[in-house]
Amino acid sequence: MAVMTFRQALHDTLRDEMHRDENVVLMGEEIGVFEGSYKITAGLLPEFGERRVRDTPIAEEGFTGAAIGAAMLGLRPVVEIMTINFSLLALDQIVNHAAKIYGMFGGQARVPLVIRTPGGGGQQLGATHSQNIELYYAFVPGMKVVAPSTPADAKALLLAAIRDDDPVLFLENLALYNTKGDVPDGDTPAEIGRAAITRRGSDLTLIGYSRTAFVANQVAQELAETEGLDIEVVDLRSLRPLDRATIVESVKRTSCAVVLEDDWLTYGIGAEVAATISDGAFDYLDAPVRRVAMAEVPLPYSKVLETAALPSHEDVINAVYQTLDAVGRRRPAARR
Amino acid sequence: MSERTRSAKKGSPSADGSVPSGLTDDEGRRLLDFYRRMVIIRRFEERAARGYTQALIGGYCHLNLGEEAAVVGLVAALEDRDYLFTNYREHGYAIERGISPERVMAELYGRVDGVSKGWGGSMHLFDVDHRLLGGYGIVGGQLPLATGAALAISYRGSDEVVMCTMGDGTTNIGAFHESLNLAALWHLPIVYVIINNRLGMGTTVEKSSAEPELARRAASYRMASARVDGLDPLATYEATRSAVAAARAGAPFLLEVVSERLRGHSVVDPAKYRTAEEVEALTSHDPIHTVGARLMVEGLLDAEGLAALDEEAKAIAERASAFAEASPHPDPSTLFDYTYATPVANDLHRLPGEPLFAARPRPTEVA
Ligand SMILES: Cc1ncc(C[n+]2csc(CCOP(=O)(O)OP(=O)(O)O)c2C)c(N)n1
Ligand SMILES: [Mg+2]
């Protein structure tokens, strides 16, 4: 066990997997000489050489498609797309090819590909550079989408993704790279398709993934300390497949839920989670499932407008309080 | 940067032994005017970098430092009625198009008086009146759009030209090839300009382009092309004039402007991937330095005149930042003003923390 940043966990796991398996090859813009836009691949070019750490031209469609083709012949490419916004240029190759090849050819070819890419807003990067569009991939059968929120999961899910025989979109988040946590030694992969209950509680289920799972744990901790609330946190970890059983079991115990998502509300990840709760725990629900999500606008550059459009810490706390109010079961003593 | 500029000011004009080349009066006047504009861009960009470190500018901020001669020469060759599409490294272009530095800086500061009302930021400057149609942050995103603008012009039979600038790294994105092919097939009035500063972010042209002589790529589309020294504003201007004339006659053109990026990719990039020798060589490739020296050799400017231009440029940059800082932030109540051009039923004006429906009455009796 060692304490390290999310960034370090990703870096070390990539490195270990490259040592373990000669078929693991890294591709992406600026991952070698520049050491990666977010420095995840720092030092890997000198260690492994250009054959295995390939700086690509700015050609997302081309190199992602090439990685898919190489995967069909048994390589295990780990592609870095600088941010998820630029994955849109590779959308066709991912959706029409990576996700289709196994099924469309009757299971004759596999695509053991990983696409690592960060989402994240809140840094005044403007409308095109601040999107959280993991949903586009989570929507597609044949894709797997994982979204770790802790350094330990970054490692365990990256191990799982690299060793998986299907295309996996591995969602990172700009705001998580510097967060720290315990990371177990060894190389035990997580199981893709499983959520985790990261905190037990009986008052309310708070659900998130990637950055929002981090926020959920933070808020639950804070409200335990300040209000004595007992909030359960479900970290989805995998957006496709979605672990519906864990979500439903939790809500059956708490009878209310708030879903945190970094995307837009309409048709977003939270909509699927809320529908799942409605399907699986309807009789247990004491309040509407509440979703906290971005305002539905192209995200403005202005700090003031951006702040207004993005969910804040207070938004999360208010949604929790209002849901508890609606349940009428337990109200925090001190309201702020 | 201030170090380098200071040494440029002190630099003896004939230190490199250059002699007057005999510019015509017109050329001399033009070079002096170009230089003045270049210094304004230089000081503006330095002020922007400072605004960034003061946290008055956020997000990404890419500067034209080193590209001033190219920017000035290119834009000067356009008519007011021509259109310009650029990438995210576009502050200088906006100023050269005639947009006030105040409104450009205000956009960088994200204020209501900014060219894009604070919605776009550094990467997304836009001004219809000055026919600057963006400012685009997605690499290559501007190419199909510019091609389409040229299509609209050609369709209407009017005689404007579209200029579409991009970086060297951008020539490897699919949209580059798709756009040039369309423009050639349809004989569109467009000049594609590659600002070859030799680097993508940290990747060199040789590492990213199998044909590193980028102008030659036009051959695939039987499109005319040329390569010009982008540190020489007069040469850039002349080459651009020819390119624009060809485009106006319906023959699209690819112009490669070999330039220099004096600093990191954006203000936060320390550019560690550059060798000490490369960085050293940059000083002699600084167009403010070289053009200033040339003007002195030509006898068109003396040390005093040079200092005066510099003071003027600094004052312009200071005024721009003072204006920007005084300009109000957009009001949060305007958040939903620009999602759709026409009002539409059921557009969701919900803030992130608000429920979709008002809370239902609280159950009165709960076990
Ligand atoms: C589609 C896409 N991929 C990647 C990026 C990230 N990115 C921004 S600028 C840049 C380098 C562009 O280099 P070049 O075209 O030479 O322009 P320069 O920055 O040198 O002016 C990259 C990779 C992006 N904005 N869009
Ligand atoms: Mg470049």
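Residues numbered from 1 in each chain as written. Chains lettered and ligands numbered in written order. Predicted model: local features only at pLDDT ≥ 70, side-chain atom pairs only at ≥ 80, totals over all residues. Heavy atoms only, no water.

**Student:** Break down the overall build of chain A for me, citing the residues and quoting the values.
**Tutor:** In terms of helices and strands, chain A carries twelve helices and 14 strands. Relative to the 2.2 N^0.38 estimate, which gives 20 Å for 336 residues, the radius of gyration of chain A is 20 Å and therefore close to what a compact globule would have. C-alpha atoms of chain A, sized along the principal axes, occupy 60 × 45 × 40 Å. Counting across all 336 residues of chain A, residues that qualify as buried make up 61%. Residue pairs at least 24 apart in sequence account for 82% of intrachain contacts in chain A once pairs closer than 6 positions are excluded. Carbon and sulfur atoms make up 52% of the accessible area of chain A, which totals about 12,100 Å². (Helix = DSSP H or I, 4+ residues; strand = E, 2+ residues; numbered from the N terminus. Rg over C-alpha atoms; globule rule 2.2 N^0.38 Å. Buried < 20%, exposed > 50% of the residue type's maximum accessible area, 1.4 Å probe, protein only. Contact = heavy atoms within 4.5 Å. Areas by Shrake-Rupley, 256 points an atom, 1.4 Å probe, with all protein chains shown as cover.)

**Student:** Lay out the coordination of the magnesium ion (ligand 2) in plain terms, naming residues and giving numbers.
**Tutor:** Residues and elements named next belong to chain B. Of the protein atoms, only Asp168 (OD), Asn197 (OD1) and Leu199 (O) coordinate the magnesium ion (ligand 2), at distances of 2.0 to 2.2 Å. Look at where the donors of the magnesium ion (ligand 2) fall in the sequence and you get D-x28-N-x1-L. You can call Leu199 buried: its relative accessible area is 7%. (Donors = N, O, S within 2.8 Å, 3.2 Å for Na, K, Ca; no water.)

**Student:** Quick rundown of the layout of surface pockets? Include the residues and the values.
**Tutor:** Approximately 680 Å³ is the volume attributed to the second largest pocket. Lining of the second largest pocket is provided by 26 residues; of these, Ala127(A), Thr128(A), His124(B), Gly135(B) and Tyr136(B) occupy positions nearest its centre. Taken together, the residues of the lining of the second largest pocket break down into 14 nonpolar, eleven polar and one charged. Three or more residues apiece are contributed to the lining of the second largest pocket by two domains, here domain 1 (2–183) and domain 2 (196–335) of chain A. (1 Å grid on protein atoms, 1.4 Å probe; cavity = no way out; pocket = protein on both sides within 12 Å on 5 of 7 lines; lining within 4 Å. Points joined across faces, edges and corners; volume = space filled by probe spheres on them. Nonpolar A, V, L, I, M, F, W, Y, C, P; charged D, E, K, R; others polar. Domains from an automatic or database assignment.)

**Student:** Any details on the environment of Lys207(B)? Residues and values, ideally.
**Tutor:** Note on placement: Lys207(B) falls in helix α8 (residues 205–208). Considered as a pair, Lys207(B) and Glu102(B) are 105 residues apart in the sequence and their alpha carbons are 39 Å apart. Among the polar contacts made by the side chain of Lys207(B), one reaches the side chain of Glu50(A) at a distance of 2.7 Å. (Polar contact = N/O pair within 3.5 Å; in protein donor to acceptor, adjacent residues only side chain to side chain.)

**Student:** I'd like a rundown of the site of ligand 1, residues and numbers included.
**Tutor:** By nearness alone, 22 residues border ligand 1, and Glu60(A), Tyr88(B), Arg89(B), Gly169(B) and Thr170(B) come closest of all. Around ligand 1, the neighbouring residues derive from chains A and B rather than from a single chain. Between ligand 1 and Glu60(A), the relevant distance is 2.5 Å, taken from a nitrogen atom to a side-chain nitrogen or oxygen of the residue. Between ligand 1 and the protein, one listed contact pairs a nitrogen atom with a backbone N or O atom of Val139(B) at 3.0 Å. When the free accessible area of ligand 1 is taken as 580 Å², the share hidden by the protein chains comes to 97%. (Near = heavy atom within 4 Å.)

**Student:** Describe the packing of helix α3 (residues 68–76) of chain B against helix α9 (residues 233–248) of chain B, listing the residues and the values that go with them.
**Tutor:** Residue and element names in this part refer to chain B. Where α3 contacts α9, the axes come no closer than 8 Å and their chain directions differ by 35°. At the point where α3 passes α9, the crossing takes the right-handed sense. Between α3 and α9, the residues in contact are Ala69, Ala70, Gly73, Leu74 and Ala76 and Pro233, Thr236, Tyr237 and Thr240, respectively. A per-class count over the contact of α3 with α9 returns six nonpolar, three polar and no charged. (Axes fitted to C-alpha atoms, helices over the stretch in contact; angles between N-to-C directions. Left-handed = near helix turned anticlockwise from the far one by under 90°.)

**Student:** Tell me about the sheet that holds strand β4 (residues 224–229) of chain B, and please be specific about residues and values.
**Tutor:** Paired through their backbone hydrogen bonds, the strands of a sheet run either parallel or antiparallel. Residue and element names in this part refer to chain B. Reading across the sheet, the five strands line up as β1-β2-β3-β5-β4 and stay open at both edges, with parallel pairing between neighbours. For this open sheet the edge positions go to β1 (83–85) and β4, each flanked by a neighbour on one side alone. Averaged over all adjacent pairs, the angle separating strand axes in this sheet is 20°, with direction ignored. As paired strands, strand β3 (residues 190–196) and strand β5 (residues 253–258) are joined by six bridges and run parallel to one another. Residue Val193 lies in a different strand from β5, and its bridge partner there is Leu255. Relative to the sheet, helix α6 (residues 142–156) contacts β1, β2 (162–167) and β3, its axis offset from that of β2 by approximately 170°. (Pairing = 2+ DSSP bridges.)

**Student:** How would you explain the domain arrangement of chain A if you had to name every residue and give the values?
**Tutor:** Residues and elements named next belong to chain A. One can read the domain layout of chain A as domain 1 (2–183) and domain 2 (196–335). The largest per-residue losses of area from domain 1 upon contact with domain 2 belong to Gln124, Asn132 and Ser149, which jointly make up 25% of the total buried on that side. Counting across the domain 1 and domain 2 interface gives one salt bridge. Asp153 is the partner of Arg237 in a salt bridge, and the nearest nitrogen-oxygen pair spans 2.7 Å. The tally of links from domain 1 across to domain 2 stands at 15 residue pairs in polar contact (both at pLDDT 80 or more). The greatest single-element share of the side of domain 1 that touches domain 2, amounting to four residues, is contributed by helix α6 (residues 134–138). (Buried area = accessible area lost by both parts, 1.4 Å probe. Salt bridge = Lys/Arg side-chain N within 4 Å of Asp/Glu carboxyl O.)

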